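In case you want the letters, here they are:
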Amino acid sequence: MNSAGHPEATAHRGLELTPFRGLRYDPDRVGSLAAVTSPPYDVVVRPDGLLHLESADPHNIVRLILPQAATPQARHEQAAQTLRRWLAEGVLTTDPEPGLYVYEQRAGDGLLQRGVIGALRVSDPAERVVLPHEDVMPHVVADRAALMRATWTNLEPLLLTYRGDDTTSATTALVERAAEQPPLLATTTEDGYRHRLWSVTDPDAVARVRGELARHQALIADGHHRWATYRALRAEHPSPSPWDHGLVLLVDTVRYPLRVRAIHRLLYDLPVRDAVAALDGHFQVRRLETPLAESLDTLAKAADAGNAFLLAGDGAFHLVDRPEPDLLARTVPKDRPEAWRTLDATVLHTTLLAHVWHIPDDSAAHVSYIHDTAATVEKAERDGGTAVLMHPVREEVVRDLARQGVTMPRKSTSFGPKPASGIVLRQLDP
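What you see is a predicted model; the values in this text were computed from it and never measured.

For the rest of this paragraph, the subject is the nonpolar core. Of all hydrophobic cores here, the largest spans 111 residues; its most connected members are Tyr-25, Ile-117, Leu-160, Leu-250, Phe-309 and Trp-357. The dominant element in this core, judged by the number of residues it contributes, is helix 13 (residues 344–356), at six residues. Once you skip the residues sitting within four places of it in the chain, Ile-117 turns out to touch Phe-20, Leu-100, Tyr-101, Tyr-103, Leu-197, Leu-247, Val-248, Leu-249 and Val-424. With 14 residues, the next largest nonpolar core counts Ala-308, Ile-370, Ala-380 and Ala-387 among its residues.

If you trace the six strands from one edge of the open sheet to the other, you get 15-17-16-19-14-18, paired in antiparallel fashion. The sheet is open, and its two edges are formed by strand 15 (284–288) and strand 18 (367–370), each paired on a single side. Recorded for the sheet is a direction-independent mean angle of 25° between the axes of neighbouring strands. As judged from the five bridges shared by strand 15 and strand 17 (residues 317–321), these two strands associate in the antiparallel manner. Across the sheet, residue Val-285 finds its bridge partner in strand 17, namely Val-320. Against the sheet, helix 13 engages strand 14 (264–267), strand 16 (308–312), strand 18 and strand 19 (386–389), with an angle of about 60° to strand 16.

Here the focus is helix 4 (residues 72–89). Here helix 4 spans 26 Å end to end across 18 residues, near enough to the 26 Å set by a 1.5 Å rise per residue. Buried positions along helix 4 lie against strand 2 (23–25), helix 3 (62–65), strand 3 (92–94), helix 5 (138–151) and strand 7 (153–154). Count one or two residues on from helix 4 and you reach Gly-90, which has phi positive near 80°.

Right, let's get into the layout of surface pockets. Summary: where empty space remains is shown by rolling a probe the size of a single water molecule over the atoms. Space inside the largest pocket adds up to approximately 1300 Å³. In terms of lining residues, the largest pocket is bounded by 46 residues, among which Pro-39, Val-43, Asp-191, His-371 and Asp-372 are the most central. Going through the elements one at a time, helix 1 (33–36), helix 2 (48–56), strand 13 (259–261), helix 10 (292–303), helix 14 (373–383) and strand 20 (414–416) are the ones with two or more residues in the lining of the largest pocket. With five residues, the top contributor of residues to the lining of the largest pocket is helix 2. Along the lines of polarity and charge, the residues of the lining of the largest pocket split into 23 nonpolar, 15 polar and eight charged.

What follows covers empty space enclosed by the protein. This model, assessed by the stated rule, comprises four cavities of 30 Å³ or more. Considered as a void within the structure, the largest cavity measures approximately 130 Å³ in volume. Around the largest cavity, the lining comprises 15 residues; the ones closest to its centre are Asp-42, Asp-222, Gly-223, His-224 and Lys-411. Put simply, the parts of the chain that give the lining of the largest cavity at least two residues each are strand 11 (218–222) and helix 8 (224–236). With three residues, helix 8 is the single largest residue contributor to the lining of the largest cavity. Along the lines of polarity and charge, the residues of the lining of the largest cavity split into three nonpolar, six polar and six charged. Counted as a void, the second largest cavity has a volume near 70 Å³. Forming the boundary of the second largest cavity are Arg-114, Gly-115, Val-116, Tyr-162, Thr-171, Thr-172, Val-175, Glu-176, Leu-250, Asp-252, Arg-255 and Tyr-256. Partitioning the lining of the second largest cavity into residue classes produces five nonpolar, three polar and four charged.

What counts and how
Residues numbered from 1 in each chain as written. Predicted model: local features only at pLDDT ≥ 70, side-chain atom pairs only at ≥ 80, totals over all residues. Heavy atoms only, no water. Core = buried A, V, L, I, M, F, W, Y, C linked by side-chain atoms within 4.5 Å. Buried < 20%, exposed > 50% of the residue type's maximum accessible area, 1.4 Å probe, protein only. Helix = DSSP H or I, 4+ residues; strand = E, 2+ residues; numbered from the N terminus. Contact = heavy atoms within 4.5 Å. Pairing = 2+ DSSP bridges. Axes fitted to C-alpha atoms, helices over the stretch in contact; angles between N-to-C directions. Expected span 1.5 Å × (residues − 1). 1 Å grid on protein atoms, 1.4 Å probe; cavity = no way out; pocket = protein on both sides within 12 Å on 5 of 7 lines; lining within 4 Å. Points joined across faces, edges and corners; volume = space filled by probe spheres on them. Nonpolar A, V, L, I, M, F, W, Y, C, P; charged D, E, K, R; others polar.

Keep in mind that these numbers describe shape and distance, not what the molecule does.
Written out as structure tokens, the structure reads:
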């Protein structure tokens, strides 16, 4: 059996992690390492978060992962020009030896996460080596692919998880030994997280890690669109090519369990009053005169009993729960497992968005996906839209569906902590 509980097939190649020469900021050329990092591209809250990061340091990584220009082509070319300039100026430099990187994140509340960063072979879904659990939006994949084509660089690592056991003892030991050594870099970002990075270049140590991980598979915790982008770019270039691999962070969640949070929705063209009115006869709606934290507690209790959401944007919170059973029977597809059919994200997309509110969920003009709860509420109140606040899915539900080959609705979960963008990049050789 492999680490996710599937029988090993003879053709199963497992995780193939390859060392690479990391592209990293020269600390002598930037104001501070913390000031040039960013959350992943899809976590940055536009426009406030983007402007804040751009002003933090002229070399902040958002200028590469979220370039700003009038057209998509101009944005991607701008990122490529910026990258070339930073390379010429020595702002970004390539490490002298290829290696795997041990990466640590630590928070003041006791959270500790460590993992291994490397270039992972991009596998086909049929191999069941890398398991997705969410659907993706084609236009986002197309945008990320165009950006990578323009820059010839993996700008930020995906977050993948595997289930360590007795067969990964050398990998565990390598991670723990590295954490006892002086790091290549150490910084504390403004969210309070401490980041440290080490390079492992010893060929024997690298070979042991590669051999162990080759017997395992991984779950995509964060980065479904980037993984789909890797697959699209690999398909465009005859193998062997640099596009056969993509930058990832692998975390053993037996040793370092991830946190699971919800990703909320902002519906731009739907005022709260209209959203609530359309729910009449379909869901129970209760207005809550409580602050955000207390309202989220109410949502959590309601979610224990069934599908539940919080609507916000008009200065109050509205608990939406107890869907009408006949409505669910008519709108939720019946060709999926029960665990999928009862997901809040499933009911939101197939029932509320598609049938009650008549909002397309695949257009950035209608729906935004935001990780920060307070920011979602604030933007809804400012823009006159509706914030739909979600309750997180349990990790075991996510992993079980992924093992069955069933993907959840897009942006159903937020696993973390996510690797900071700007810690290490992987430049491809054209």
